[in-house]
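Observations on chain architecture
Listed here are the chains, written in short residue letters.
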Amino acid sequence: MTGATTTPPSHVARTVFSTEFGTNSITPGAGHGYRFPTKTVSVTELKRNFAGILKAADDSPVAVLNHNRPEAYLIPAAHYERLVAYMEDLEDGRLARERAQGPFVEVKLDEL
């Protein structure tokens, strides 16, 4: 199988593929709340072994390369659901901060 690299997507063009799909313990972007894909796979290999690649990815994103450049990112459903929940939380926080500045409307409980 075309192998993995621990190189962030912006440097994927310099990737040298190994003979196995996997990663080491380096997680680019660690401490920033998001892990860049540390695993890469070619489009051809994804077509040949989708289930195996998804299983090997575990719960991490995989950069899908076309001509050694990121074409797409494959993320497991649980990872996607966490990303969506995180984005919703960010939006809720933004709205709360925005609305905390006012304007406020005086309302009597009897009027509700």
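The coordinates are above.
Residues numbered from 1 in each chain as written. Predicted model: local features only at pLDDT ≥ 70, side-chain atom pairs only at ≥ 80, totals over all residues. Heavy atoms only, no water.

**Looking at the sheet that holds strand β2 (residues 62-66)**
For sheets, the rule is that strands pair by backbone hydrogen bonds, running either parallel or antiparallel. As a reminder, the rule being used: A pair of strands is labelled paired if DSSP reports no fewer than 2 bridges between them. Secondary structure counts use DSSP, requiring at least four H or I residues in a row for a helix and at least two E residues in a row for a strand, with both numbered from the N terminus. Between N-to-C directions, angles cover 0 to 180 degrees, with each direction set by a line fitted to C-alpha atoms, over the stretch in contact for helices.
Here we have three strands laid out as an open sheet, ordered β1-β2-β3, and mixed in their pairing. Of all the strands in the sheet, just β1 (39-42) and β3 (69-74) have a single pairing partner and so form its edges. Each adjacent strand pair in this sheet contributes to an overall mean axis angle of 35°, direction not counted. In terms of strand pairing, β1 meets β2 through four bridges, oriented parallel. Among the inter-strand pairings, Lys 39 is bridged to a residue of β2, identified as Val 62.

**Things to note about the pattern of salt bridges**
In plain terms, the rule: Here a salt bridge means any side-chain nitrogen of Lys or Arg lying within 4 Å of a carboxyl oxygen belonging to Asp or Glu. Relative accessible area decides the class of each residue, using a 1.4 Å probe on protein chains only: under 20% of the type maximum gives buried, over 50% gives exposed, and in between gives partly exposed.
One pass over the structure, following the stated rule, counts four salt bridges. Across the salt bridge formed by Arg 94 and Glu 91, the nearest N and O atoms sit 2.6 Å from each other. In this pair, Arg 94 and Glu 91 both sit in helix α3 (residues 77-99), three residues apart, roughly one turn of the helix. On the basis of relative accessibility, which here comes to 35%, the residue Arg 94 falls in the partly exposed class. Here Glu 98 ties to Arg 94 by a salt bridge, and the two come within 2.8 Å at their closest N and O atoms. Taken as a pair, Glu 98 and Arg 94 lie in helix α3 at a separation of four residues, close to a single helical turn. Counted as one network, the salt bridges with shared partners bring together Glu 91, Arg 94 and Glu 98.

**Here we look at the nonpolar core**
Counted only if it meets this: Note on terminology: a nonpolar core comprises buried Ala, Val, Leu, Ile, Met, Phe, Trp, Tyr and Cys residues joined through side-chain atoms within 4.5 Å.
Counting residues in hydrophobic clusters, the biggest one holds seven residues: Val 41, Leu 46, Ile 53, Ala 57, Val 62, Val 64 and Leu 74. Sorting the residues of this core by element identifies α2 (50-57) and β2 as the ones contributing at least two each.

**A word on the pairing of β2**
Buried residues dominate β2, accounting for four of its five residues. In the sheet, β2 pairs with β3 via five bridges, with the strands oriented antiparallel. Among the inter-strand pairings, Leu 65 is bridged to a residue of β3, identified as Pro 70.

**Concerning a nonpolar patch on the surface**
Spelled out, the test is: For patches, a residue must show more than 30% relative accessible area and have no salt bridge; joins then use 9 Å for like charges and 5 Å for nonpolar side chains, namely Val, Leu, Ile, Met, Phe, Trp and Tyr. Surface accessibility follows the Shrake-Rupley procedure with a 1.4 Å probe radius. Residue values consider only the protein chains on display as shielding.
Judged by side-chain polarity, Val 105, Val 107, Leu 109 and Leu 112 come together as a nonpolar surface patch covering roughly 510 Å² of accessible area. Tracing the backbone through its elements, the reader meets Leu 109 in the segment after α3. Exposure remark for Leu 109: the relative accessible area of 74% places this residue in the exposed category.

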